[in-house]
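The chain contents come next:
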Amino acid sequence: MGEFSIAYLPGDGVGPEVVGQARRVLDAVGEKFGHRFEGRTALVGACSIERHGREITDEVIDLSKSSHAVLLGACGVPGGEAVNGRHPERAVLDLREEMELWANIRPLRLSKHLLGSSPVKREIVEGADLLVFRELTGGIYFAEPKGRGEVDGEPAAFDTLLYRESEIRRIVERAFEHAEKRRGLVTSVDKMNVLESSRFWREVAEDVAAGHPDIDFHSMLVDAFAMRLIISPRDFDVVVTGNMFGDIITDEMSVLAGSLGLMPSASLGDGGVGLYEPIHGSAPDIAGQNVANPLGTILSAAMLLELSLGLPEEARAVEDAVEAALAKGYRTADIMEDETSLRVGTAGMGDAVIAELIS
């Protein structure tokens, strides 16, 4: 029996709904395997701005750091607007920075029961299995200077893109570590034909690759990769890239799965404490309607069990329960296929997964 502390940060929009279902699943795991998950819930995002005047408070950051793991929903309001002059999404960036989480891991494992949900042809997506490593604390998201001003007498805005060698080297090394346990293929994605930072990224990535001669390594321009990802996803195994490119291509990757609602992620640093969240946004247009797909958050909880709590058997049990629920035809609105599917809401999908987990 293990005792673990988890910080639940539901956030905005559909966040409380999907995190609520993932928490139910974790509680069911605790009952089945004899663990105790002590959870504390706190505000982040727009709801934190409205209550505390900040996207995230120091107390919530301290709670996150002192927990074994963090499960996050999503932050944001309709149109990505500011709330009282502040941006809710900043809470996630602050968490990553304060917790020193520099490696974002986004897997794509297509369920054989959902191949019909993908807009991409079955013969293309079947068998695709990718693991994307996105550098999380560098690049254009964090580099200074940035701001607004005038150029040639007209309003303008600017951001800078900075990468240090250490930031590139550690994320590429981690990608290679995982490739050794998989198919032994690493693809580094950059834009070296235009960006000096990408030329440097490629130099460092190639230097790391030289230390792993048994791994098949390739570099690709991001535009070429974006095309190949859709027309030939089985060509890739482990992919590593920078912050901005990683954000974009993993959202594109969700098209192969059929829905953003299916995609989990983990953000890790040098220690065991991690931040886990689905890759989708707060989807305020469907909030409170019991229609959001909780599977991305439930699968994020499975990653939490394995990567932060060291419970791989329990993680596999959750993944198997998700697969079993899908095999029986349970579908939320975003992955409905035909009249033979059993349409359920957010809570109904949680019920279906838990039923399979405890059976």
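Residues numbered from 1 in each chain as written. Predicted model: local features only at pLDDT ≥ 70, side-chain atom pairs only at ≥ 80, totals over all residues. Heavy atoms only, no water.

Here we take up the overall build of the protein. When you go through the protein residue by residue, the secondary structure sums to twelve helices and 14 strands. Taking 21 Å as the expected radius of gyration for a compact globule of 359 residues, we find that the protein reaches 20 Å, a close match to that expectation. Dimensions along the principal axes, computed over C-alpha positions, put the protein at roughly 60 × 50 × 40 Å. When contacts within the protein are restricted to residue pairs at least 6 apart in sequence, those whose partners lie at least 24 apart make up 75%. (Helix = DSSP H or I, 4+ residues; strand = E, 2+ residues; numbered from the N terminus. Rg over C-alpha atoms; globule rule 2.2 N^0.38 Å. Contact = heavy atoms within 4.5 Å.)

Glancing now at unusual backbone geometry. A cis amide bond links Glu144 to the next residue, Pro145, at an omega of 5°. Structurally, the position occupied by Pro145 is in the loop between β5 (129-135) and β6 (147-151). Unusually for a residue other than glycine, Glu100 sits at a positive phi of about 55°. Phi is positive for Asn290, which is not a glycine, with a value near 60°. Positionally, Asn290 belongs in the loop between β12 (274-278) and α10 (295-307). With relative accessibility at 36%, the residue Asn290 sits in the partly exposed group. (Buried < 20%, exposed > 50% of the residue type's maximum accessible area, 1.4 Å probe, protein only.)

Below, the discussion takes up the pairing of strand β11 (residues 264-268). Most of β11 is tucked away, with five of its five residues classed as buried. The two faces of β11 match: Pro264, Ala266 and Leu268 on one face and Ser265 and Ser267 on the other face are all buried. Bridge analysis of strand β4 (residues 103-109) against β11 gives three bridges, and the strand direction is antiparallel. By the bridge assignment, Asn104 is partnered in β11 with Ser267. Both β11 and β12 contribute to a ladder of four bridges, which runs antiparallel. Pairing of Pro264 across the sheet is with Pro278, part of β12. Connecting β11 to the antiparallel partner β12 that follows it, the hairpin turn spans five residues. (Pairing = 2+ DSSP bridges.)

In this section: the sheet that holds strand β10 (residues 238-241). Paired through backbone hydrogen bonds, the strands of a sheet run either parallel or antiparallel to each other. Taken in spatial order, the ten strands line up as β2-β1-β3-β12-β11-β4-β5-β10-β8-β9 in an open sheet, and their pairing is mixed. Strands at the two margins of the open sheet, each flanked by one partner only, are β2 (36-41) and β9 (216-221). Each strand of the sheet is rotated relative to its neighbour by a mean of 25°, with strand direction disregarded. Bridge analysis of strand β8 (residues 185-190) against β9 gives six bridges, and the strand direction is parallel. The residue bridging Thr187 from the neighbouring strand is His218, located in β9. Where helix α4 (residues 90-98) meets the sheet, its contacts fall on β1 (3-11), β3 (69-74), β5, β11 and β12, and the angle it forms with β12 comes to roughly 150°. Of the strands in this sheet, β4, β5, β8, β9, β10 and β11 are in contact with helix α6 (residues 165-179), which crosses β5 at around 160°. (Axes fitted to C-alpha atoms, helices over the stretch in contact; angles between N-to-C directions.)

Relative orientation of the contacting elements helix α8 (residues 222-231) and helix α9 (residues 243-257) amounts to 15°, with a least axis distance of 10 Å. Judged by the inter-axis angle, α8 sits roughly parallel to α9. Handedness of the α8/α9 crossing: right-handed. Contact with α8, carried on its side by Val222, Phe225, Ala226, Leu229 and Ile230, involves Phe245, Ile249, Glu252, Met253 and Leu256 of α9 and no other residues of that element. Grouping the amino acids of the contact of α8 with α9 by side-chain chemistry returns nine nonpolar, no polar and one charged. (Parallel < 35°, antiparallel > 145°, perpendicular 65-115°, else oblique. Left-handed = near helix turned anticlockwise from the far one by under 90°. Nonpolar A, V, L, I, M, F, W, Y, C, P; charged D, E, K, R; others polar.)

This part covers the environment of Ala69. Mapping Ala69 onto the fold places it in strand β3. Residue Ala69 is classed as buried on the basis of its relative accessible area, which comes to 0%. Distance in space between the C-alpha atoms of Ala69 and Gly39 is 9.9 Å, their sequence separation being 30 residues. Beyond its immediate sequence surroundings of up to four residues, Ala69 is in contact with Ser5, Ile6, Ala7, Val273, Gly274, Tyr276, Leu304 and Ser308.

Inspection of the secondary structure puts Ala333 in the loop between β13 (330-331) and β14 (342-343). Under the relative-accessibility criterion, Ala333 is labelled partly exposed at 34%. Filtering out sequence-adjacent residues up to four positions away, Ala333 remains in contact with Val291, Arg343 and Val344.

Right, let's talk about helix α7 (residues 196-210) for a bit. With 15 residues, α7 should reach 21 Å at 1.5 Å per residue; the first-to-last C-alpha distance of 21 Å fits that figure. Of the residues making up α7, those classed as buried are Ser197, Ser198, Trp201, Arg202, Val204, Ala205, Val208 and Ala209. For α7, the secondary structure elements touched by its buried residues are β5, α6, β8, β9, β10 and α9. (Expected span 1.5 Å × (residues − 1).)

Turning our attention to the side chain of Arg96. In this structure, Arg96 sits in helix α4. Excluding residues within four positions of it along the chain, Arg96 makes contact with Leu101, Arg134, Leu136, Thr137, Ser267, Leu275 and Glu277.

Here we come to the pairing of β1. Here β1 lies mainly inside the structure; eight of its nine residues are buried. One ladder, built from six bridges, connects β1 with β2; its direction is parallel. When the bridges of β2 are listed, Ile6 appears paired with Gly39. Between β1 and its parallel partner β2, the chain crosses via helix α1 (residues 15-33), and the hand of that crossover is right-handed. Here five bridges tie β1 to β3, and the two strands are oriented parallel to one another. Residue pairing in the sheet places Tyr8 in a bridge with Leu71 of β3. (Right-handed = clockwise from strand over helix to strand, strands pointing away.)

All quantities given are derived from atomic positions and should not be read as evidence of function.
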